[in-house]
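# Topology and contacts: notes
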Amino acid sequence: MDPFEVRIQFLALLKRLNASQQSIQKVVGFAIKYFPPCGEDLWDCIVEECQKGSINSRINILYFLDSLCETCLLVKSHSNSIGSDSGTKQYVDFVNRDIGKIVECVVPAGREGLPNLTSAKQILESWRSKRVVDPQTVDDVLTALGKRTPPAQSQPSSTAPVEHRKSSHSSLPRTEVFKRIEEDRERHKRLRERRWVQPVMHHAPGQMNLLSFLPLTFEKDDDTVATVDVEFDNDWETTSDWNEDDDEAAADESELCFPAEGEGPMDLD
Amino acid sequence: MSRGQSPGPHSSKYHHPYFTPAEVEYLSVKQRGKLSAAQEERARQSACAFLEGMGARIGFPRRTIATAQNLYHRFHLFFPRKDFHYVDVSLASLYVSTKMHDTLKKPRELLAVSYAIRFPDLVAKSKHPGGEIDLDAMDPQVVERDRQRLLSVERLLLETICFNFTSRMPFPYVIKLGKAFKAGKKLTKLAWRLTIDCHRTLIPIQYPPHIVALAGLYVAALLSSFELPQPPEEPGLRSPQELAEILGQNGDWESKYQVQVDDLEGIAHTLIDLLVQGSQSQTQNTSPRTPSSPSPNPSPRTPHPSTESQSPSDPFDADKLIRLKIVMRQTEHPPRVRQPLGTADPSALYSGDDVGLLGRNEGTVRFLFGPPGVMGHEIQ
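- Under an unreviewed UniProt entry, the name given to chain B is Cyclin-like protein, and the source organism is Roridomyces roridus.
- Looking at chain B in UniProt, the text filed under Sequence similarities (unreviewed entry) is "Belongs to the cyclin family."

- Under an unreviewed UniProt entry, the name given to chain A is CTD kinase subunit gamma CTK3-domain-containing protein, and the source organism is Roridomyces roridus.

## With respect to the domain arrangement of chain B
All names here are of chain B.
- Parsing chain B into structural domains produces domain 1 (18-160) and domain 2 (171-331).
- Taken residue by residue, the interface counts 19 residues in domain 1 and 15 residues in domain 2.
- Surface buried jointly by domain 1 and domain 2 totals about 1500 Å² across both partners, of which 61% is contributed by carbon and sulfur atoms.
- Where domain 1 packs against domain 2, one counts 5 residue pairs in polar contact (both at pLDDT 80 or more).
- Those elements giving two or more residues to the side of domain 1 that touches domain 2 turn out to be helix 1 (21-32), helix 2 (37-58) and helix 3 (62-78).
- Here the side of domain 1 that touches domain 2 takes 8 residues from helix 3, the largest share from any one element.

## Digging into the UniProt feature "domain: Cyclin-like" (unreviewed entry) in chain B
All names here are of chain B.
- Taken from the UniProt record, the annotation "domain: Cyclin-like" (unreviewed entry) applies to residues 49-159 and 172-273.
- A distance of 25 Å separates the end C-alpha atoms of residues 49-159, which is 72% helix and 0% strand.
- Secondary structure across residues 172-273 comprises 64% helix and 0% strand; the distance between its end C-alpha atoms is 24 Å.

## Focus: the domain arrangement of chain A
Residue and element names in this part refer to chain A.
- What the domain assignment reports for chain A is domain 1 (3-150 + 169-197) and domain 2 (206-269).
- At the boundary of domain 1 with domain 2, total buried surface from both sides reaches about 420 Å², with 29% on carbon and sulfur atoms.
- Taken as a group, R128, S129 and R131 account for 72% of the area that domain 1 buries against domain 2, more than any other trio of residues on that side.
- Across the pair R128 and E237 runs a salt bridge whose closest N-O atoms are separated by 3.7 Å.
- Across the domain 1-domain 2 interface, the total number found is 2 residue pairs in polar contact (both at pLDDT 80 or more).
- Its residues placed into classes, the side of domain 1 that touches domain 2 shows no nonpolar, 2 polar and 3 charged.

## With respect to the packing of helix 3 (residues 35-52) of chain A against helix 4 (residues 55-81) of chain A
Residues and elements named next belong to chain A.
- Following both chains from N to C, one finds helix 3 and helix 4 inclined at 150 degrees, their axes separated by 8 Å at the closest point. With respect to their mutual orientation, helix 3 and helix 4 come out roughly antiparallel. Crossing handedness for the pair helix 3 and helix 4: left-handed. Along its contact with helix 3, which presents W43, I46, E49, C50, Q51 and K52, the element helix 4 presents R58, I61, F64, L65 and L68.
- Here the residues of the contact of helix 3 with helix 4 are counted per class, giving 7 nonpolar, 1 polar and 3 charged.

## Some words on the pattern of salt bridges
- Taken as a whole, this structure holds 36 salt bridges over all chains when the rule is applied.
- Put simply, E70(A) and R194(A) hold a salt bridge, and the shortest N to O gap is 3.4 Å. Here E70(A), found in helix 4, pairs with R194(A), found in the loop between helix 8 (174-193) and helix 9 (223-238); they are 124 residues apart in sequence, far enough to count as distant.
- According to the relative accessible area criterion, E70(A) is partly exposed, its value standing at 34%.
- Of the residues examined, R194(A) reaches a relative accessible area of 13% and is grouped as buried.
- For R32(B), the salt bridge goes to E40(B), with nearest N and O atoms at 3.3 Å.
- Here R32(B) falls in the partly exposed class, since its relative accessible area comes to 21%.
- Note on E40(B): relative accessible area 6%, which makes it buried.
- Counted as one network, the salt bridges with shared partners bring together R32(B), E40(B), E41(B), R44(B) and R81(B).

Conventions used here
Residues numbered from 1 in each chain as written. Chains lettered and ligands numbered in written order. Predicted model: local features only at pLDDT ≥ 70, side-chain atom pairs only at ≥ 80, totals over all residues. Heavy atoms only, no water. UniProt positions renumbered as here; feature names shortened; annotations may be inferred. Domains from an automatic or database assignment. Contact = heavy atoms within 4.5 Å. Buried area = accessible area lost by both parts, 1.4 Å probe. Polar contact = N/O pair within 3.5 Å; in protein donor to acceptor, adjacent residues only side chain to side chain. Helix = DSSP H or I, 4+ residues; strand = E, 2+ residues; numbered from the N terminus. Salt bridge = Lys/Arg side-chain N within 4 Å of Asp/Glu carboxyl O. Nonpolar A, V, L, I, M, F, W, Y, C, P; charged D, E, K, R; others polar. Axes fitted to C-alpha atoms, helices over the stretch in contact; angles between N-to-C directions. Parallel < 35°, antiparallel > 145°, perpendicular 65-115°, else oblique. Left-handed = near helix turned anticlockwise from the far one by under 90°. Buried < 20%, exposed > 50% of the residue type's maximum accessible area, 1.4 Å probe, protein only.

Encoded structure:
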């Protein structure tokens with residue numbers, strides 16, 4: 001297919017994108033397949049659709065981007081392991097570059113963006129913790145989101161520009177609202193279920209690859225070390241200091257492991 | 001001790017949360033049978049490496065992988081290796097671990113990833129750019145047979161832990177203690193990795209997690225200071241040398257954190273032995289991974305470049321590690337007294353007459369979560 005046809009097909013897929021995993025995986029597969037040579041072009045399509053689409057379709061795109069990034073990183077890890085690394089994280093690099101723009105579109109200021117705010121924050125936090133996007137960049141975006149004037153406060157209707165008539169200021173039919181609520185519930189559930197997933201890595205088989213042997217300081221471009229450290233870095237930030245609960249837990253485990261004097265060895269009677 | 005309420009034989013099996021070194025030795029020898037210790041160790045490392053590989057591909061957190069390794073070690077204190085393939089036991093261990101730690105994956109999902117690891121040529125043929133295998137493209141009889149084996153080993157495994165699903169991990173303690181002892185992030189990171197590697201040994205089923213964690217910090221401190229120049233002082237942090245000295249002698253920290261200095265020494269020796277083993281195996285494996293995919297640029301997973309030419313400042317030089325062990329022996333403390341080997345052989349529950357009981361629904365088997373004395377009530 002020539003690049004022009006690829007673009008046309010992709011746009012059609014994007015327009016039909018819905019909240020289901022099936023739909024998302026279909027578009028993800030297409031995007032990955034045609035990354036060389038059409039990656040930049042397809043990315044432009046995504047951003048454009050994000051700017052022009054309805055509020056609902058914009059959140060669908062954000063969830064699509066989540067799956068897209070997940071797959072890009074999986075593909076990269078796999079190609080690393082078979083020695084055919086292209087060196088890029090494909091669309092993940094674009095996401096990192098344009099994340100501010102995207103979040104602005106997905107969560108526009110004012111009441112319009114409200115339906116997407118919670119989901120967007122959840123996805124951003126997931127990206128931060130899995131290092132899909134650099135943590136500082138995510139923090140900046142989240143701060144910008146937090147700084148906005150809460151839409152509950154006065155928004156005089158006389159200042160509403162003409163364009164807003166086309167947006168979802170107009171209330172959706174009840175069925176659409178329920179459908180969106182249900183979709184959000186499913187997607188939040190899926191995000192929650194995947195919350196434990198750490199960045200993925202493919203090992204070369206057959207070696208005694210002790211983690212202790214890996215270099216301690218992060219060298220640029222050394223994906224292995226970065227991946228291995230993510231869980232440690234996250235836990236370093238979130239683990240509480242030693243406290244009374246830990247004293248109790250240590251006592252419990254010590255008692256199980258080193259029973260007190262006078263208790264004999266296990267007796268099967 | 002049977003209560004004659006329902007028909008069939010009765011017995012009680014209780015969860016044996018930790019083993020003493022003497023018990024580990026006794027049970028290992030018993031289950032080893034005709035295998036040599038070296039063969040046993042190789043099988044053990046294959047299983048642990050396989051579990052690491054599975055965990056890395058799926059993105060399991062450390063606790064899931066570590067518990068799977070613990071369960072694997074525990075299983076083979078009760079059952080001989082000759083009767084089981086390490087892949088089946090590893091997958092069953094991993095499956096149970098995913099349930100324990102709320103990181104659930106179905107058996108079929110685990111199998112798909114295991115095939116991708118074990119059969120790279122299948123992966124090469126797969127349509128998926130992410131190196132995944134489509135189970136539907138495999139022989140359904142093979143998949144079903146492997147799934148059944150996973151589930152039947154799971155059943156045995158659950159009985160060896162008496163369905164006790166609790167599992168405290170050392171990893172949070174590595175961080176808590178690292179901060180409490182002002183070790184700094186970098187040293188704590190090394191301790192974290194050492195604690196991960198520690199699960200390739202039977203240490204975590206012989207010592208409580210907070211002790212395993214502190215031992216990780218101790219070894220990290222030793223490796224970062226032995227035969228190395230003192231690094232520049234960092235305000236508010238202890239140097240590795242200082243930390244190694246503190247943890248190498250009696251002190252207030254022992255009662256505060258409910259540890260004994262000899263615990264750390266015992267664990268340190270086992271951990272350093274593992275590092276020696278790893279260092280020696282790495283210098284042997286310098287050939288490329290697969291002849292069919294030579295890479296002009298070494299991927300991050302090829303042997304660490306510095307093992308090719310072992311410099312004196314490389315903390316993982318095998319000779320240096322052995323020198324460290326010798327120095328440690330000069331100042332070590334007498335080990336704490338553990339329970340003597342009793343007349344009760346926990347694995348005896350799983351041999352002879354009882355094998356027939358296991359996995360079947362005949363008779364009543366009471367599973368108790370802890371040994372009677374510790375549980376604080378009389379078991380008649």
